[in-house]
Amino acid sequence: YRDLHTFELQAPTRLIEWARGNRVCVAGYGQSDGNEILQLIPPPTLLTEETQGLCPERDFKVECGGFSERPVYSLKYVPDTSLLVTSGPPDSSLQVWQVSAEDSDVIKSVSTVTTENGTGQSWAKIAIISARASWVLHGSRLNRVQITEVESRKNVYTAASRGSEELSGLAFLDCNTLLLCCATGRLCLADIRQPQSLMDAMSVPSAPCSEQWCMGTRHGAQGLEPVARLSSRGLLTLTDLRKISEFLALAKARVPSPGSGAEFLCVSWAPALKGYLAISGFDGTVHVYDTQSWDNSGREAEPIFVHKGHAFGGAGGSGDPPLVTVHTWHLQKPRTLLSAASDGSLHVWDWVQPCGKC
């Protein structure tokens, strides 16, 4: 490691979101009332783009917080505002939160976005864009996807689909184009200017019906990077949406056998390193891969770095070894990642680049 910071939260968290001022938002996912939503001030070394060396302050500080009566399974910061949007069981509604002003340390609930026939549906996956207004893309199933203007709660768009497959993720490709990923791995493209259109992008390699998938997207200097998909068996696919009839690359991650569920699967592209991605959700580790040499052979890929800090942190609340529930990349520091685990540990780490690599 080049650097490693740790912070112990009061409860397990399954999400990390960057907010304005380089703040970090986290939230709990327990089933009891009073799940915390916190905004943290990172250590000073993470607030500057350049590495500062030794620093006396190496801890996170709680800046403000609040409590949610329901588990928080997804959280997104609304750019250029002081609002957060969250979702979680028992239905597909959204909760909108106001991050406190400087003279207060409270994050308070301000409104709820309910969805038609949302009762009985699984929790909604969400994505945010602010190109025109503050829009939230949300939905739990393929036929329940819509866009809502956050502050007015006005419905902007509803996707047309006869399918009712469960969604594992969704994203704005631009202000008009949406990408939806089903839990089966199926990708669908939608254009909000054509509400009745919904186009399949590409299926996945032949796999057991029980296999679950998630996706990761990123906009680079040359536009949209390939879409990465990760399965509960550790299969990784890269797809160029301009050539949807073929895989750009196919590889197998070096991960343990899948467990009973895949709710914490996470794959993400590095925002400041071309071709690098990270995966987690199988055990107490986070794997980093350089995909630039991958082909479509499907052979096992060698990670360039494995973060094992959570695995050695102790047992989770159930007595089982900690499981990494989420990770995310630092927005400016190329090799810095944040990760959280089921034992409440929050880690920030920066690995040393192997010799011979850029």
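Residues numbered from 1 in each chain as written. Predicted model: local features only at pLDDT ≥ 70, side-chain atom pairs only at ≥ 80, totals over all residues. Heavy atoms only, no water.

Quick word on the sheet that holds strand β5 (residues 61–68)
If you trace the four strands from one edge of the open sheet to the other, you get β2-β3-β4-β5, paired in antiparallel fashion. For this open sheet the edge positions go to β2 (13–19) and β5, each flanked by a neighbour on one side alone. Each adjacent strand pair in this sheet contributes to an overall mean axis angle of 20 degrees, direction not counted. In terms of strand pairing, strand β4 (residues 35–41) meets β5 through seven bridges, oriented antiparallel. (Pairing = 2+ DSSP bridges. Helix = DSSP H or I, 4+ residues; strand = E, 2+ residues; numbered from the N terminus. Axes fitted to C-alpha atoms, helices over the stretch in contact; angles between N-to-C directions.)

Notes on the environment of M199
Within the element layout of this structure, M199 appears in strand β17 (residues 199–202). The sequence separation of M199 and S161 amounts to 38 residues, and the corresponding C-alpha distance is 9.7 Å. The contact partners of M199, leaving out residues within four places of it in the chain, are L187, C188, L189 and I244. (Contact = heavy atoms within 4.5 Å.)

Describing the pairing of strand β15 (residues 177–182)
Counting buried residues in β15 gives six out of six residues, a clear majority hidden from the surface. The alternating pattern of β15 places T177, L179 and C181 and L178, L180 and C182 on opposite faces, both of which are buried. Bridge count for strand β14 (residues 167–172) against β15 is five bridges, and the pairing is antiparallel. Each bridged residue has a counterpart across the sheet, and for L167 the counterpart in β15 is C182. The turn linking β14 back onto β15 is made up of four residues. In this sheet, strand β16 (residues 187–191) lies alongside β15 in antiparallel orientation, the contact comprising five bridges. Among the inter-strand pairings, L179 is bridged to a residue of β16, identified as L189. Remark: four residues form the turn of the hairpin made by β15 and β16, two consecutive strands paired antiparallel; G185 in that turn has positive phi of roughly 100 degrees. (Buried < 20%, exposed > 50% of the residue type's maximum accessible area, 1.4 Å probe, protein only.)

Quick notes on the layout of surface pockets
Within this model, the largest pocket holds a volume of roughly 1800 Å³. Taken together, 47 residues line the largest pocket, and the ones lying closest to its centre are E17, K76, I126, L170 and M215. For the lining of the largest pocket, the element with the most residues is β14, which contributes six residues. Here the residues of the lining of the largest pocket sort into 29 nonpolar, 11 polar and seven charged. (1 Å grid on protein atoms, 1.4 Å probe; cavity = no way out; pocket = protein on both sides within 12 Å on 5 of 7 lines; lining within 4 Å. Points joined across faces, edges and corners; volume = space filled by probe spheres on them. Nonpolar A, V, L, I, M, F, W, Y, C, P; charged D, E, K, R; others polar.)

Thoughts on the sheet that holds strand β12 (residues 146–149)
Read across the open sheet, the four strands follow the order β10-β11-β12-β13; overall the sheet is antiparallel. The sheet is open, and its two edges are formed by β10 (125–129) and β13 (155–158), each paired on a single side. Pairwise comparison of adjacent strand axes, ignoring direction, gives a mean angle of 20 degrees for this sheet. The pairing of β12 with β13 spans three bridges and is antiparallel. Bridge pairing links T148 to N155 in β13.

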